[in-house]
Amino acid sequence: SASIVRELATLSNTQKMSHSTGSMAGASILRVLQVLSSLTSSVDDSNAGTERETEQEEQNIMQRLNVALEPLWQELSQCISITESQLDHTAATTTVPNVNSGDHVLGISPPSPLSPGTQRLLPLIEAFFVLCEKIQTPSVLQQDHANVTAGEVKESALSSSSKTSVDSQKKTDGSVTFAKFADKHRRLLNSFVRQNPSLLEKSLSMMLKAPRLIDFDNKKAYFRSRIRHQHGRQISGPLRISVRRAYVLEDSYNQLRMRSPQDLKGRLNVQFQGEEGIDAGGLTREWYQLLSRVIFDKGALLFTTVGNDSTFQPNPNSAYQTEHLSYFKFVGRMVAKALFDGQLLDVYFTRSFYKHILGVKVTYHDIEAVDPDYYKNLKWLLENDVSDILDLTFSMDADEEKHILYEKTEVTDYELKPGGRNIRVTEETKHEYVDLVAGHILTNAIRPQINAFLEGFNELIPRELVSIFNDKELELLISGLPEIDFDDLKANTEYTSYTAGSPVIHWFWEVVKAFSKEDMARFLQFVTGTSKVPLEGFKALQGISGPQRLQIHKAYGTPERLPSAHTCFNQLDLPEYPSKEQLQERLLLAIHEASEGFGFA
């Protein structure tokens, strides 16, 4: 490694890394470490005696090797830092096209192109990862989520005096070294993965143990790759269903609930009874939209809105609905099926429910999205002395909906711990009280519903696969972009028998730009079969055979005709109206009155 250290130092000092294309011995270092890694065992706590001693001795050898190679890793890190500064300069002077809208929502910077010389660093980075994988501590890598429980806050305050010695102990741990290296250089690492996605499944797979280090677009690519692999191993036949619009939930439930997980991985083919439409993609998209709206309607009693009435979580009183847990399993399957098919749903869950899907611990912080005022009260309890509050006990009042659904005699308060209604909350126990309240509201009160949903969801999407996302990313993956970008829609529209300069097209965009948020959603539903926007923006709209942008075709005939649409092709047939006013009146009538139902004209 000594010659590589000298070469890296020279490149760092001259700052010509991006222009250097000569060979480097990094590939040799990588091969040696890969062989050593294959000859060593992973530490297994269940082993005992001589086998355990051998594993520990191998680990000690790898630890010493890592220490011996420390100068190489330090020089590599320095060289990467210089490369990243050059990438920053390139990004500042270059317009990068095709920025993913989903990444923009999450605040992720657009990628910069890699220079030819940068590729020479990859074998050394891979070598570092191979070594770290043998000496890593998963518990350190997985500390991705900042939220902590009230009890942990209290415990942290009590143990702060001994924290220094623990930290100094961790500084020598290889996993901490990896975490620092990967966090510092995540931009270049993600650029390499973006250029060659298979790295995440091979030499850079250790990043999957710390998914916060992976950019959203790389996570999506990995997720879709694993889904395709899962789909390719077992070929499924088409999944055909025939439903009535007025009973879309009941018909879908009865036809799909007994199908095997393998059957559900087949290509969905939907027929709406009494309609002539043939499903080439558009009917499937509309089925997902209709089904999600009915499932999350208050009348179904399965989910309830919280916060500002725009997010959903399971209804603790869903037992009033017969077979409610079977329905929750069905809903879990349908959400997973939508993810499996790359379809978007017209629903947003609470942060805590996304965390349940991901297997991430929920805390009292998550109550803020469910009930902001109640969260403020809990926060006040933690920040102030509660000694004078004499009537605060380890119990909670029953919610209002339970009083409506059940007889008064059946409704009692809920004890957060045995005998809780007679146990007063004190200054010493208030952290426990806050955690128990959060556990009841976000988990225990809806535990059967959560378990049934996850049982169905994980039949199609394994927990370990979806857990690479955080709650915000999972929301985008399930529901798409929260806002419709007019400029992006206009820029990704193609015309037939019209041009962008045609008077009717000019009027059309003026009318659409003036749409309310609700009318814009109706317009998209009318033309594409869904009101949701793909994460990559309108350039990624799906048609009959893959990505297909919005199409506007001239419709011939009398100007009194309404605009019509072909959702399988994202196509709007627009007559050549004589005035902007008539175009506006006809288009609004079409999206309000003719947005559902398929037939042949």
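Residues numbered from 1 in each chain as written. Predicted model: local features only at pLDDT ≥ 70, side-chain atom pairs only at ≥ 80, totals over all residues. Heavy atoms only, no water.

Is there a simple way to explain the overall build of the protein in this structure?
When helices and strands are tallied, the protein shows 28 helices and 12 strands. The buried share of the protein, reckoned over its 601 residues, is 48%. Put simply, 75% of the contacts in the protein that link residues at least 6 apart link residues at least 24 apart. With an accessible surface of roughly 29200 Å², the protein has 51% of that area assigned to carbon and sulfur atoms. (Helix = DSSP H or I, 4+ residues; strand = E, 2+ residues; numbered from the N terminus. Buried < 20%, exposed > 50% of the residue type's maximum accessible area, 1.4 Å probe, protein only. Contact = heavy atoms within 4.5 Å. Areas by Shrake-Rupley, 256 points an atom, 1.4 Å probe, with all protein chains shown as cover.)

Any chance you could explain the UniProt feature "active site" (unreviewed entry) in the protein here in plain terms?
When the UniProt feature table is mapped onto this chain numbering, "active site" (unreviewed entry) sits at Cys568. Here cysteine 568 lies in the loop between strand E11 (564-566) and strand E12 (571-575). A relative accessible area of 9% places cysteine 568 in the buried class. (UniProt positions renumbered as here; feature names shortened; annotations may be inferred.)

Would you explain the packing of aromatic side chains in this entry?
The geometry of an aromatic ring pair is captured by the separation of the ring centres together with the interplanar angle, meaning the angle of the planes. Under the definition given, this model contains 26 aromatic pairs. Ring geometry for phenylalanine 216 versus phenylalanine 469: centroids 6.1 Å apart, planes at 80°, classification edge-to-face. Of the two residues, phenylalanine 216 is situated in helix H12 (residues 216-233) and phenylalanine 469 in the loop between helix H23 (463-466) and helix H24 (471-479); the sequence distance between them amounts to 253 residues. Of the residues examined, phenylalanine 216 reaches a relative accessible area of 0% and is grouped as buried. Over the ring of phenylalanine 272 we find arginine 245; its NZ or CZ atom is 4.1 Å from the centre of that ring. (Phe/Tyr/Trp six-rings, centres within 6.5 Å; stacked < 30°, edge-to-face > 60°. Lys NZ or Arg CZ within 6 Å of the ring centre and 35° of its normal.)

What is the right way to read the pattern of salt bridges from this model?
A pair can form between side chains of opposite charge whenever their charged atoms are brought close. Scanning the model with the defined rule gives 28 salt bridges in all. Here lysine 517 ties to glutamate 483 by a salt bridge, and the two come within 3.7 Å at their closest N and O atoms. One end of the pair, lysine 517, is in helix H27 (residues 517-528); the other, glutamate 483, is in the loop between H24 and helix H25 (486-491), with 34 residues separating them in the sequence. Judged by relative accessible area, lysine 517 falls into the exposed class, the value being 55%. Overlapping salt bridges bring together Arg186, Arg194, Asp215 and Asp217 as one network. (Salt bridge = Lys/Arg side-chain N within 4 Å of Asp/Glu carboxyl O.)

Explanation requested: the environment of arginine 463 in the structure shown.
Among the structural elements, arginine 463 can be located in helix H23. Between the C-alpha atoms of arginine 463 and leucine 358, which are 105 residues apart in sequence, the distance is 6.6 Å. Among residues more than four places away in sequence, those in contact with arginine 463 are His356, Ile357, Leu358, Gly359, Leu454 and Asn458. From its side chain, arginine 463 meets the backbone oxygen of isoleucine 357 in a polar contact 3.2 Å long. (Polar contact = N/O pair within 3.5 Å; in protein donor to acceptor, adjacent residues only side chain to side chain.)

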